Amino acid sequence: MSTLLQINSSLFSDHGNSSALANEFVQNWVAKHPDGKVIVRDLAKNPIPHLDSATVQAFFTPAESRTAEQQEAVQLSDTLVAELASADAVVIGVPLYNFGVPSTLKAYFDQLARAGVTFKYTETGPVGLLADKPVYFIAARGGFHVGKDSDSQTAFLNSFFNFLGIKSINYIYAEGLSISDAKEKSLTEARREIEQATAA
């Protein structure tokens, strides 16, 4: 049975453009995988707490030496890492907020980056410890940013997932959504790309 992990990060939850498109991706995927499993995390409805010093210290404390409080602090991260590791594919709805990813999505990523768990350092540099899998980013933007300096997301997302060992990264952009003449055309093109991505 295939498993798809869906992460929505729009502060508008299902009403955000990135979430709506990611939901369409999931619908198409389920049609092709009727016996599949979908795990959904909506970071607006259930935000991930930002890292604090106590949690980081718990990460670096050996499991057998953790206090009850430290084990509780690590439990959420362990769950999120297990979800990502067990998924066969991932779709992430990513709006562009002030030239970056939503802070809730960054908080989610910070729970995934665990030395000795999802990556390790070696003499030749860092090595990701997660198995490669297709990750689809549904990137919704009010303006046009692809290929411009204002697109800080693409390089960041590539770097982060490559760092964890995931190389099969795909983007479906929906840009110009705040421009009336461009919105419908952009959404139509994004939906066409979603259909292609989920056709297999």
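Now for a look at the structure at hand. (Residues numbered from 1 in each chain as written. Predicted model: local features only at pLDDT ≥ 70, side-chain atom pairs only at ≥ 80, totals over all residues. Heavy atoms only, no water.)

1. Details of the sheet that holds strand 3 (residues 89-95)
Right, on to step 1. The five strands are arranged 2-1-3-6-7 in an open sheet whose pairing can be described as parallel. The open sheet is flanked by strand 2 (37-42) and strand 7 (169-174), the only strands paired with a single partner. Averaged over all adjacent pairs, the angle separating strand axes in this sheet is 15°, with direction ignored.
Right, on to step 2. With six bridges joining them, strand 1 (residues 3-8) and strand 2 adopt parallel strand pairing. If you follow Leu4 over to strand 2, its bridge partner there is Val38.
Right, on to step 3. Helix-sheet contacts for helix 3 (residues 68-86) involve strand 1, strand 2 and strand 3, and the interaxial angle to strand 2 is about 140°. (Pairing = 2+ DSSP bridges. Helix = DSSP H or I, 4+ residues; strand = E, 2+ residues; numbered from the N terminus. Axes fitted to C-alpha atoms, helices over the stretch in contact; angles between N-to-C directions. Contact = heavy atoms within 4.5 Å.)

2. A word on the environment of Leu130
Right, on to step 1. Here Leu130 is to be found in the loop between strand 5 (125-128) and strand 6 (135-140).
Right, on to step 2. For the pair formed by Leu130 and Gln71, sequence separation is 59 residues and the distance between their alpha carbons is 22 Å.
Right, on to step 3. If sequence neighbours within four positions are ignored, Leu130 has contacts with Leu84, Ala85, Thr118, Leu164, Gly165 and Ile166.

3. Describing the pattern of salt bridges
Right, on to step 1. Applying the stated criterion across every chain yields a total of eight salt bridges.
Right, on to step 2. Lys106 is paired through a salt bridge with Asp110; the nearest N and O atoms lie 2.8 Å apart. Here Lys106 pairs with Asp110, and both are found in helix 4 (residues 103-112), just four residues apart, close to one helical turn.
Right, on to step 3. Given a relative accessible area of 34%, Lys106 falls into the partly exposed group.
Right, on to step 4. A salt bridge links Arg141 to Glu175, with the nearest nitrogen and oxygen atoms 2.8 Å apart. Placement of the pair is Arg141 in the loop between strand 6 and helix 5 (153-164) and Glu175 in the loop between strand 7 and helix 6 (180-197), with a sequence separation of 34 residues. Both residues of the pair, Arg141 and Glu175, count as buried. (Salt bridge = Lys/Arg side-chain N within 4 Å of Asp/Glu carboxyl O. Buried < 20%, exposed > 50% of the residue type's maximum accessible area, 1.4 Å probe, protein only.)

4. Considering unusual backbone geometry
Trans peptide bonds make up most of the peptide bonds, and negative phi angles are found at most residues other than glycine.
Right, on to step 1. One non-glycine residue, Asn98, lies in positive phi territory at about 50°.
Right, on to step 2. Take Asn98: it is sitting in the loop between strand 3 and helix 4.

5. What about the packing of aromatic side chains?
What describes a pair of aromatic rings is the distance from one ring centre to the other and the angle between the planes of the rings.
Right, on to step 1. For the coordinates displayed, the defined rule picks out 13 aromatic pairs.
Right, on to step 2. Each ring, one from Phe25 and one from Tyr136, has its centre 5.0 Å from the other, and the planes form 45°; the classification is tilted. Of this pair, Phe25 sits in helix 1 (residues 17-32) while Tyr136 sits in strand 6, and the two are 111 residues apart along the sequence. Residue Phe25 shares its accessibility class with Tyr136, and that shared class is buried.
Right, on to step 3. The interplanar angle of 70° and the centroid separation of 5.5 Å between the aromatic rings of Phe137 and Phe161 together place this pair among those described as edge-to-face. Taken as a pair, Phe137 in strand 6 and Phe161 in helix 5 lie far apart in primary sequence, 24 residues in all. (Phe/Tyr/Trp six-rings, centres within 6.5 Å; stacked < 30°, edge-to-face > 60°.)

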